[in-house]
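Commentary on secondary and tertiary structure
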Amino acid sequence: MLAAIYGGIVIAQTGTTAQHGIGYALTTQFGASHGLVNGIVMKQMMLKHYKHIKEELDDLFAYLQITMNEFFEWLDSLEMSLGFTPENDFIDKYAPEVLKAKNIKINPYPISVEEIKEIYKSLS
């Protein structure tokens, strides 16, 4: 519960980034847990982040005393899944909507509709 409180305090002060925006439509349209969706897209988002904020992520993983690959192995061990792959109609409709979400403005780099579509298509 303390971790949830700390997370809420941080989000209230700083906001969230594209990862959350990508999850909103999956939560509202399919009832998928927002936390689950964020976990599922985390690896793809971290790889995108690493292209733009490599130094900061290297510092984070050094502080945690793990590698990014070890973090990915841990994520994979959780076996998170939506149980389905979003269909093209959903992807075509909601990928452009993600760019309208307020958290896109504070993403550490620009993200395109095509990148969002790629993430949606990779989900299952």
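Look up a bit, the structure's there.
Now for a quick tour of the structure. (Residues numbered from 1 in each chain as written. Predicted model: local features only at pLDDT ≥ 70, side-chain atom pairs only at ≥ 80, totals over all residues. Heavy atoms only, no water.)

Some thoughts on the overall build of the chain
- Looking only at helices and strands, the chain has seven helices and zero strands in total.
- Listed N to C, the secondary structure of the chain is α-α-α-α-α-α-α in terms of helices and strands.
- Since a compact globule built from 124 residues should have a radius of gyration of about 14 Å, the 15 Å found for the chain is in line with a globular shape.
- In the chain, which comprises 124 residues, the proportion classed as buried is 35%.
- By sequence separation, contacts in the chain at least 24 residues apart represent 71% of the contacts at least 6 residues apart.
- As displayed, the chain offers around 7,900 Å² of accessible surface, 57% of which is attributable to carbon and sulfur atoms.
- Mean positive and mean negative side-chain charge positions of the chain (10 and 15 charges, respectively) differ by 9 Å. (Helix = DSSP H or I, 4+ residues; strand = E, 2+ residues; numbered from the N terminus. Rg over C-alpha atoms; globule rule 2.2 N^0.38 Å. Buried < 20%, exposed > 50% of the residue type's maximum accessible area, 1.4 Å probe, protein only. Contact = heavy atoms within 4.5 Å. Areas by Shrake-Rupley, 256 points an atom, 1.4 Å probe, with all protein chains shown as cover. Lys, Arg positive; Asp, Glu negative; His and termini not counted. Charge placed at Lys NZ, Arg CZ, Asp CG, Glu CD.)

Considerations on helix α7 (residues 113–122)
- When we look at burial in α7, the residues that qualify are Ile 116, Lys 117, Ile 119 and Tyr 120. Seen along its axis, α7 keeps its buried residues to an arc of 160°; they face one direction. For α7, the exposed residues set more than 90 degrees away from the buried face come down to Glu 114 and Lys 121.
- Lining the buried residues of α7 we find α2 (18–30), α3 (34–52) and α6 (88–98). (Arc of directions from axis to C-beta.)

What about the packing of aromatic side chains?
- In total, this model carries seven aromatic pairs according to the counting rule given.
- One aromatic cluster in this structure is built from Phe 30, Phe 84, Phe 90, Tyr 94 and Tyr 120. (Phe/Tyr/Trp six-rings, centres within 6.5 Å; stacked < 30°, edge-to-face > 60°.)

Some points on the nonpolar core
- Core analysis: the largest hydrophobic core is formed by 23 residues, its most contacted members being Ile 22, Met 45 and Tyr 120.
- Those elements giving two or more residues to this core turn out to be α2, α3, α6 and α7.
- Take this core: its biggest share by element is five residues, from α6.
- Those residues within four positions of Ile 22 in sequence are excluded, and the remaining contacts are Val 41, Met 45, Val 98, Ile 116, Ile 119 and Tyr 120.
- Formed by seven residues, the second largest nonpolar core is a distinct cluster that contains Met 46, Leu 57, Met 68 and Leu 75. (Core = buried A, V, L, I, M, F, W, Y, C linked by side-chain atoms within 4.5 Å.)

Remarks on the side chain of Lys 48
- You can see Lys 48 is positioned in helix α3.
- The class for Lys 48 is buried, based on a relative accessible area of 9%.
- Those residues within four positions of Lys 48 in sequence are excluded, and the remaining contacts are Tyr 109, Ile 111, Glu 115, Glu 118 and Ile 119.

Describing the environment of Leu 78
- Mapped onto the fold, Leu 78 is located in the loop between α5 (68–77) and α6.
- C-alpha separation for the pair Leu 78 and Gly 39, spaced 39 residues apart in sequence, amounts to 9.2 Å.

Details of the side chain of Asn 107
- With respect to the element layout, Asn 107 can be found in the loop between α6 and α7.
- Among the polar contacts listed, one links the side chain of Asn 107 to the backbone nitrogen of Ala 18, at a separation of 3.1 Å.
- Excluding residues that lie within four positions of it along the chain, Asn 107 makes contacts with Thr 17, Ala 18 and His 49. (Polar contact = N/O pair within 3.5 Å; in protein donor to acceptor, adjacent residues only side chain to side chain.)

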